[in-house]
2 protein chains.
Amino acid sequence: MIEKLHGDIVFWLQQMGTFVKSCMQENISVTTKTSLSDIVTNIDCEIEEKFIHYIHTHYPSHSVLGEESASHFKAYNQGYVWIIDPIDGTLNFVKEQKNFAIMIALYIDGVGQLGYIFDVMNDTLYYAIKGQGAYCNNHKLNKPDDLDLKHSLISLSSCFIVQEHSSPYRHVMTNAQGIRMIGSASHSMLAIFNNHYHAYISAKLRPWDFLAGLVIADELGIVYSTADGSPLPLWEPTSLVIGTPHIHHEIISSYKVN
Amino acid sequence: MIEKLHGDIVFWLQQMGTFVKSCMQENISVTTKTSLSDIVTNIDCEIEEKFIHYIHTHYPSHSVLGEESASHFKAYNQGYVWIIDPIDGTLNFVKEQKNFAIMIALYIDGVGQLGYIFDVMNDTLYYAIKGQGAYCNNHKLNKPDDLDLKHSLISLSSCFIVQEHSSPYRHVMTNAQGIRMIGSASHSMLAIFNNHYHAYISAKLRPWDFLAGLVIADELGIVYSTADGSPLPLWEPTSLVIGTPHIHHEIISSYKVN
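Residues numbered from 1 in each chain as written. Chains lettered and ligands numbered in written order. Predicted model: local features only at pLDDT ≥ 70, side-chain atom pairs only at ≥ 80, totals over all residues. Heavy atoms only, no water.

S.K.: So what exactly am I meant to see when it comes to the sheet that holds strand β9 (residues 139-140) of chain B here?
M.R.: Strand pairing in a sheet is mediated by backbone hydrogen bonds. Such pairs are either parallel or antiparallel. Residue and element names in this part refer to chain B. If you trace the seven strands from one edge of the open sheet to the other, you get β3-β4-β5-β6-β7-β8-β9, paired in mixed fashion. Either end of the sheet is taken by a strand with one partner, and the two such strands are β3 (63-66) and β9. Inspection of the sheet shows strand β4 (residues 80-88) paired to strand β5 (residues 101-108) by seven bridges, in the antiparallel sense. Within β5, the position partnered with Asp88 by the bridge is Ala101. (Pairing = 2+ DSSP bridges. Helix = DSSP H or I, 4+ residues; strand = E, 2+ residues; numbered from the N terminus.)

Shown next, in the form of structure tokens:
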């Protein structure tokens with residue numbers, strides 16, 4: 001069953017990748033959601049609709065949680081649930097035509113079984129099947145090095161720099177070897193999986209931003225929590241600290257509630 | 001003469017690119033300079049040595065200013081002067097194996113005549129010849145759109161987020177469509193040339209970090225100054241605000257000296 005699901009997902013993702021690339025030369029219609037930095041395009045919506053159509057056709061009993069169609073948050077702790085982020089990093093998609101990804105995951109009874117992050121413009125598919133390891137295309141990924149903060153690049157979401165008061169991550173900002181802000185949760189997580197960065201901190205993500213990544217993280221010994229070190233809620237908006245164990249501990253230990 | 005120089009530089013850069021790629025699989029020796037984030041590798045030094053050897057062999061009367069061999073700052077307002085940044089974004093080179101570039105420029109009597117930014121891992125050479133336009137490989141670049149801040153991505157150097165007090169760029173941080181920190185002056189400038197980002201702000205750069213980029217910027221109508229809007233000193237460490245005219249004006253106008 002898992003193998004059939006995996007095969008279907010890889011096939012669907014290939015179709016979505018071809019679709020996205022074909023759209024890059026056309027006029028993309030951009031709509032603002034909550035702010036000028038929170039946008040959606042017609043491509044996001046079309047990808048999500050295609051996924052939902054495929055899932056409903058092939059797996060009619062399954063539930064779907066999609067970024068563009070979700071109307072509220074609820075716990076999906078029973079049954080088969082697909083989680084879709086049609087384009088993570090939509091602003092990068094529009095502005096840069098790179099550094100975005102298509103993400104999809106399958107959770108069964110609240111446990112991540114399959115997770116996929118497709119870096120379309122680099123033709124690179126990262127995925128994990130629970131208990132079977134994590135892969136980049138068909139190459140098995142190794143666990144990233146368990147470094148300390150001062151020898152690592154750390155990815156932050158940019159909301160931290162607009163805070164007027166001191167950031168709860170001042171220790172991280174001043175002690176990491178380098179700070180990066182790349183505007184994409186998926187690419188921040190991929191940088192950890194690739195042993196390039198070693199942690200990613202975001203003040204507020206929603207389930208479709210991280211659930212696919214967590215399945216891959218689990219296979220690579222990468223740990224995660226909320227900002228204060230609590231277990232991550234899977235089905236509601238949350239802060240996120242994800243990284244290799246040593247750095248994750250350093251970040252949580254230095255977190256200061258203002 | 002300019003055409004011969006251009007041909008030589010392109011040939012040298014191709015050789016350097018091949019050399020860098022051949023080194024990616026080997027052990028790269030990293031040495032710390034002023035801090036853990038300010039590093040140099042044996043590859044940086046070898047590239048600079050190769051450039052200096054080429055220049056001294058082919059153009060023995062020319063001067064050279066190189067990041068790794070410069071011992072002091074002085075004005076080079078007379079004669080032919082080569083400026084070399086063997087690897088801009090050395091931390092990215094070591095950690096990510098991407099998002100770095102080789103930069104070289106030729107200034108004659110203090111005026112930029114030739115500027116080159118070679119994105120090695122993407123096999124993409126950006127360059128400009130004064131008065132002849134700017135190119136990406138052999139494709140002529142268009143002027144980037146002259147947008148406003150709230151519709152643009154802005155690249156910042158990460159030093160701004162370690163400031164305990166309020167940043168002089170708080171207005172930029174809170175009003176830009178998005179903030180990015182990518183750890184490379186060259187790639188920040190390339191993002192402007194490519195119409196992806198529209199400004200780049202750094203608190204402190206040195207001549208080899210920006211002189212090649214300025215030659216390209218001039219050809220694309222991109223403007224630059226120090227943080228307070230003063231003319232950029234070419235031959236000493238300086239702050240830099242570079243961007244399309246509208247945004248450059250917005251940034252300079254909102255700059256607050258703390």
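Text resumes after the structure shown.
S.K.: What is the right way to read the interface of chain B and chain A from this model?
M.R.: Interface size is commonly expressed as the accessible area that is lost once the parts come together. Of the residues lining the interface, 33 residues belong to chain B; the matching set on chain A comes to 33 residues. A buried area of about 2800 Å², summed over both sides, lies between chain B and chain A, and 53% of it is on carbon and sulfur atoms. The largest contributions to the chain B side of the interface with chain A come from B:Lys95, B:Ile161 and B:Gln177, which together make up 23% of the buried area. Mapped onto the side of chain B that touches chain A, the elements with two or more residues apiece are α3 (90-95), β10 (153-156), α4 (170-175) and β11 (178-180) of chain B. In the side of chain B that touches chain A, the residues fall into 13 nonpolar, 14 polar and six charged. (Contact = heavy atoms within 4.5 Å. Buried area = accessible area lost by both parts, 1.4 Å probe. Nonpolar A, V, L, I, M, F, W, Y, C, P; charged D, E, K, R; others polar.)

S.K.: Even after reading the chapter, I still don't get helix α6 (residues 207-219) of chain A, so can you show me in this structure?
M.R.: Residues that lie three or four places apart on an α-helix share one face, since the helix turns once every 3.6 residues. All names here are of chain A. In a regular helix each residue adds 1.5 Å, so 13 residues correspond to 18 Å; α6 covers 19 Å between its end C-alpha atoms and thus fits that length. If you look at α6, its biggest bend is around 30°, right at Gly213. With 11 of 13 residues buried, α6 lies mostly within the body of the structure. Restricting attention to buried positions, one finds in α6 the residues Pro207, Trp208, Asp209, Phe210, Leu211, Ala212, Gly213, Leu214, Val215, Ile216 and Ala217. (Expected span 1.5 Å × (residues − 1). Bend = angle between axes of the 7 residues up to and from the residue. Buried < 20%, exposed > 50% of the residue type's maximum accessible area, 1.4 Å probe, protein only.)

S.K.: Help me out: how do you make sense of the relation of the copies chain B and chain A in this one?
M.R.: Superposing the two chain copies requires a rotation about an axis and a translation along that axis. With an RMSD of 0.0 Å, the fit of chain B onto chain A corresponds to turning through 180° and sliding 0.0 Å along the axis. On the angle and the small slide along the axis, the relation comes out as a two-fold axis. Among all residues of chain B, the one whose C-alpha sits closest to the rotation axis is B:Met181, at a distance of 2.3 Å. The residues that chain B uses at the interface reappear at the interface of chain A in 100% of cases, marking a shared surface. (Least-squares fit on C-alpha atoms with pLDDT ≥ 70 in both.)

S.K.: Sorry, what's going on with the packing of aromatic side chains here?
M.R.: Geometrically, a pair of aromatic rings is defined through the distance of the ring centres and the angle of the planes. On inspection of all chains with the given rule, the structure shows 22 aromatic pairs over all chains. Centroid distance A:Tyr59 to A:Trp82: 6.0 Å. Interplanar angle 35°. Geometry classified as tilted. Of the two residues, A:Tyr59 sits in the loop between α2 (42-58) and β3 (63-66) while A:Trp82 sits in strand β4 (residues 80-88), which places them 23 residues apart along the sequence. Between A:Tyr107 and A:Trp235 the ring centres are 5.8 Å apart and the planes differ by 75°, which places this aromatic pair in the edge-to-face class. With A:Tyr107 in strand β5 (residues 101-108) and A:Trp235 in the loop between β13 (223-225) and β14 (238-243), this residue pair connects regions lying 128 residues apart in the sequence. With relative accessibility at 3%, the residue A:Tyr107 sits in the buried group. Taking relative accessible area as the criterion, A:Trp235 reaches 7% and is therefore assigned buried. Through a chain of ring-to-ring contacts, three or more aromatic side chains come together here, namely A:Trp12, A:Tyr54, A:Tyr59 and A:Trp82. Lying across the ring of B:Phe19, B:Lys50 places its NZ or CZ 4.4 Å from the centre. (Phe/Tyr/Trp six-rings, centres within 6.5 Å; stacked < 30°, edge-to-face > 60°. Lys NZ or Arg CZ within 6 Å of the ring centre and 35° of its normal.)

S.K.: Help me understand the domain arrangement of chain A in this model?
M.R.: All names here are of chain A. Along its sequence, chain A is organised into domain 1 (2-140) and domain 2 (149-254). Contacts between the two partners involve 40 residues from domain 1 and, on the opposite side, 26 residues from domain 2. Here domain 1 packs against domain 2, burying approximately 2400 Å² in sum over the two surfaces, 68% of which is carbon and sulfur. The largest per-residue losses of area from domain 1 upon contact with domain 2 belong to Phe73, Tyr107 and Tyr126, which jointly make up 25% of the total buried on that side. If you look at where domain 1 meets domain 2, you find one salt bridge. Put simply, domain 1 and domain 2 have 13 residue pairs in polar contact (both at pLDDT 80 or more) between them. Mapped onto the side of domain 1 that touches domain 2, the elements with two or more residues apiece are β3, β4, β5, β6 (111-119) and β7 (124-129). At seven residues, β6 tops the list of elements feeding residues into the side of domain 1 that touches domain 2. The class makeup of the residues in the side of domain 1 that touches domain 2 is 22 nonpolar, 12 polar and six charged. (Domains from an automatic or database assignment. Salt bridge = Lys/Arg side-chain N within 4 Å of Asp/Glu carboxyl O. Polar contact = N/O pair within 3.5 Å; in protein donor to acceptor, adjacent residues only side chain to side chain.)

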